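# Residue-level structure breakdown
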Number of protein chains: 2
Amino acid sequence: MSFSITDPSPRLTVDIVIFCLRKGELQTLLVKRGIEPFRDCWALPGGFVLYNESPDAAAQRELAEEAGIMHVYLEQLYTFGAPERDPRGHVVTVAYYALIPSADIYLQAGSDAIDAAWHNVQAPPPLAFDHAHILQYAVQRLRYKLEYTAAGFHLLPDEFTLSELQTAYEIVLNEKLDKRNFRRKLAESGVLVSTDRYRGGSEGRPALLYRYREDADPEVKARRLFP
Amino acid sequence: MSFSITDPSPRLTVDIVIFCLRKGELQTLLVKRGIEPFRDCWALPGGFVLYNESPDAAAQRELAEEAGIMHVYLEQLYTFGAPERDPRGHVVTVAYYALIPSADIYLQAGSDAIDAAWHNVQAPPPLAFDHAHILQYAVQRLRYKLEYTAAGFHLLPDEFTLSELQTAYEIVLNEKLDKRNFRRKLAESGVLVSTDRYRGGSEGRPALLYRYREDADPEVKARRLFP
DNA sequence: ACAAAAGTGTTGAGAGTACACCCATGC
DNA sequence: GCATGGGTGTACTCTCAACACTTTTGT
């Protein structure tokens, strides 16, 4: 898959930073490239945008193809297009980030990836192209997103406890939060609804399970919702 | 300038929402298209991204070519790429917005524009493609930007009075601000520095001129800096 | 002296922050 | 009964928002 240096227009790809909470860390799915350039180097999952396919659709397709992931939170991040970012020629990429609940993980080695694995976003391996920069940018955006809105649910299963949600925020923001203040803010925002079920099984008192209110305003425009 | 429907990859353009304060309104520069489709329809200035040209560079080039504007505040907005947005075929566009001081205006009819004019962003004429949507999105982003950061200077000349700056914010945010609160916030943010010059000429007491501190942190990340 | 715009502090309300104990369950 | 995590309320601080008068200039 190469193309001429005399192409009249840059080619277009999507790259996706897939965030997931695993082992108490914020991790991202990386694929090991099976082709040049950067063979055997880790990279963000992604691929070319097909003709008559929107970048959003391309991102969703790559999510499904490379990781078997469907129906997750997906948001456009930024478009990176420096001519020298791909040694094969000028390739502009629309970067996305996705939030997936810890349960939805099905690793699949796709066509041009020989391996796929989760990596801590704090200490990723060397990455192909400008993907290290994209990853760093995505982490920053995710933090902003959680500071200003109530979108952390998407990193958890449908039903979750408030402690699990708080832990999710603490991992992403990399800072300890106050339990009572966290719960008050959350209650005031009105984006959660409690179920009548409890999570037992572990030690201690069982915790009430909550779920996201589908009819809630997704953009809770409070000032810094969770510091 | 047409291309085959069998092109393997979407084509790439940039479109720019150029904001300027004129006649007490927030206005944007629109060009009247001289070619099909949407001949004689107003559109955002923009054009194709050349091979080995970054979208940022393409946006700067279009700013220079279509409006003679250089060295202004320019920020990427979002990438729009629905296959049906251009009847000629699949064209993905990276949208930008620019803030220009009222002085820097040199209208130039470019190659495929037969006319160019400023229009109030609140009541634009019918626009080609999805440009009405892009414009609306840009206005929203500009408002967020001014609410959370101190970037309103870029709509004013190098030296300006605090009243002029407040008026700029009031026009963009479409809401009246309190003079003392506005000035206090501004002083606390530390992004301005006073000159020793005054603006006289008009009626009333002359106003001290300020300028933007080049060494200031451009992203004043306060909570809602200017409500 | 008066019209017109510039400039300047204080107070009350609300949000943010810090903080400690009782509760329900499993072993 | 004890260890473990779940769940709850209050006091203080600080930021935000509302508000009116004096100053400087031109006519």
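Before any of the text, the structure's been laid out above.
First, a word on what this report is: a plain description of the structure on this page.

Thresholds, definitions, all that
Residues numbered from 1 in each chain as written. Chains lettered and ligands numbered in written order. Predicted model: local features only at pLDDT ≥ 70, side-chain atom pairs only at ≥ 80, totals over all residues. Heavy atoms only, no water. Helix = DSSP H or I, 4+ residues; strand = E, 2+ residues; numbered from the N terminus. Buried < 20%, exposed > 50% of the residue type's maximum accessible area, 1.4 Å probe, protein only. Pairing = 2+ DSSP bridges. Axes fitted to C-alpha atoms, helices over the stretch in contact; angles between N-to-C directions. Contact = heavy atoms within 4.5 Å. Salt bridge = Lys/Arg side-chain N within 4 Å of Asp/Glu carboxyl O. Near = heavy atom within 4 Å. Polar contact = N/O pair within 3.5 Å; in protein donor to acceptor, adjacent residues only side chain to side chain. Nonpolar A, V, L, I, M, F, W, Y, C, P; charged D, E, K, R; others polar. Patch = residues over 30% accessible without salt bridge, like charges linked within 9 Å, V, L, I, M, F, W, Y side chains within 5 Å. Areas by Shrake-Rupley, 256 points an atom, 1.4 Å probe, with all protein chains shown as cover. Lys, Arg positive; Asp, Glu negative; His and termini not counted. Charge placed at Lys NZ, Arg CZ, Asp CG, Glu CD. Least-squares fit on C-alpha atoms with pLDDT ≥ 70 in both.

Our focus in this paragraph is unusual backbone geometry. In this model, A:Glu36 is joined to A:Pro37 through a cis peptide bond whose omega is -5°. One non-glycine residue, A:Phe38, lies in the positive phi region at around 65°. If you trace the backbone, A:Phe38 turns up in the loop between strand E2 (25–33) and strand E3 (42–43). Backbone geometry at B:Asp40 places phi at a positive 65°, although glycine is not the residue there. Along the chain, B:Asp40 falls in the loop between strand E2 (25–33) and strand E3 (42–43). When its relative accessible area of 47% is taken as the criterion, B:Asp40 is described as partly exposed.

Residue and element names in this part refer to chain A. An order of E8-E10-E9 is seen for the three strands of this open sheet, with the pairing classed as antiparallel. The sheet terminates laterally at strand E8 (159–161) and strand E9 (192–199), the two strands that pair on one side only. With direction set aside, neighbouring strand axes in the sheet form an average angle of 45°. Relative to strand E10 (residues 207–212), E8 runs antiparallel, the two sharing three bridges. Bridging from a neighbouring strand, Thr161 pairs with Leu209 of E10. Seen against the sheet, helix H3 (residues 162–173) touches E8, E9 and E10 and runs at an angle of roughly 80° to E8.

Now for the pattern of salt bridges. Residues and elements named next belong to chain A. For the structure on display, the rule yields 28 salt bridges over all chains. The partner of Lys176 in a salt bridge is Glu170, with the nearest N and O atoms 3.4 Å apart. Classification of Lys176 by relative accessible area gives exposed; the value is 71%. When its relative accessible area of 15% is taken as the criterion, Glu170 is described as buried. What you see here is one network of salt bridges that share partners, running through Glu53, Arg61, Glu62 and Glu65.

Close to DNA strand D lie 20 residues; A:Lys179, A:Glu203, A:Gly204, A:Arg205 and A:Leu208 are nearest. A distance of 2.9 Å separates a base oxygen of DNA strand D from a polar side-chain atom of B:Arg205. Listed by contribution, the elements that provide at least two residues to the surface near DNA strand D are helix H4 (179–189) and E10 of chain A together with helix H4 (179–189) of chain B. Class assignment for the residues of the surface near DNA strand D results in five nonpolar, three polar and 12 charged.

Let's shift gears to a positive patch on the surface. Residues and elements named next belong to chain B. A cluster of basic residues, Lys179, Arg180, Arg183 and Arg184, forms a positive patch on the protein surface. Position of Arg183 among the secondary structure elements: in helix H4. Arg183 sits in the partly exposed class, given a relative accessible area of 32%.

The next subject is the environment of A:Gly47. Residues and elements named next belong to chain A. Mapped onto the secondary structure, Gly47 falls in strand E4 (residues 46–48). Gly47 sits 91 residues away from Ala138 along the chain, and the two C-alpha atoms are 18 Å apart. In contact with Gly47, other than residues within four places in its own chain, are Thr13, Val14 and Glu62.

Another aspect to go through is the relation of the copies chain A and chain B. For the pair chain A and chain B, the superposition axis carries a translation of 0.1 Å, the fit reaches an RMSD of 0.1 Å, and the rotation angle comes to 180°. In symmetry terms, the pair is related by a two-fold rotation axis. The overlap is high: 97% of the interface residues of chain A also sit at the interface in chain B, so the same surface is used on both sides.

Moving on, we get to the protein's contact with DNA strand C. Around DNA strand C, 21 residues are found, and the nearest of them are A:Asn181, B:Ser163, B:Lys179, B:Glu203 and B:Leu208. Measuring from a base nitrogen of DNA strand C, one finds a side-chain N or O atom of A:Asp178 at 3.3 Å. In this structure, a base nitrogen belonging to DNA strand C sits 3.5 Å away from a side-chain N or O atom of B:Arg180. For the surface near DNA strand C, the secondary structure elements donating two or more residues are H4 of chain A together with H4 and strand E10 (207–212) of chain B. Grouping the constituent residues of the surface near DNA strand C by class yields five nonpolar, four polar and 12 charged.

Remember, this is a structural readout, not a statement about activity or role.
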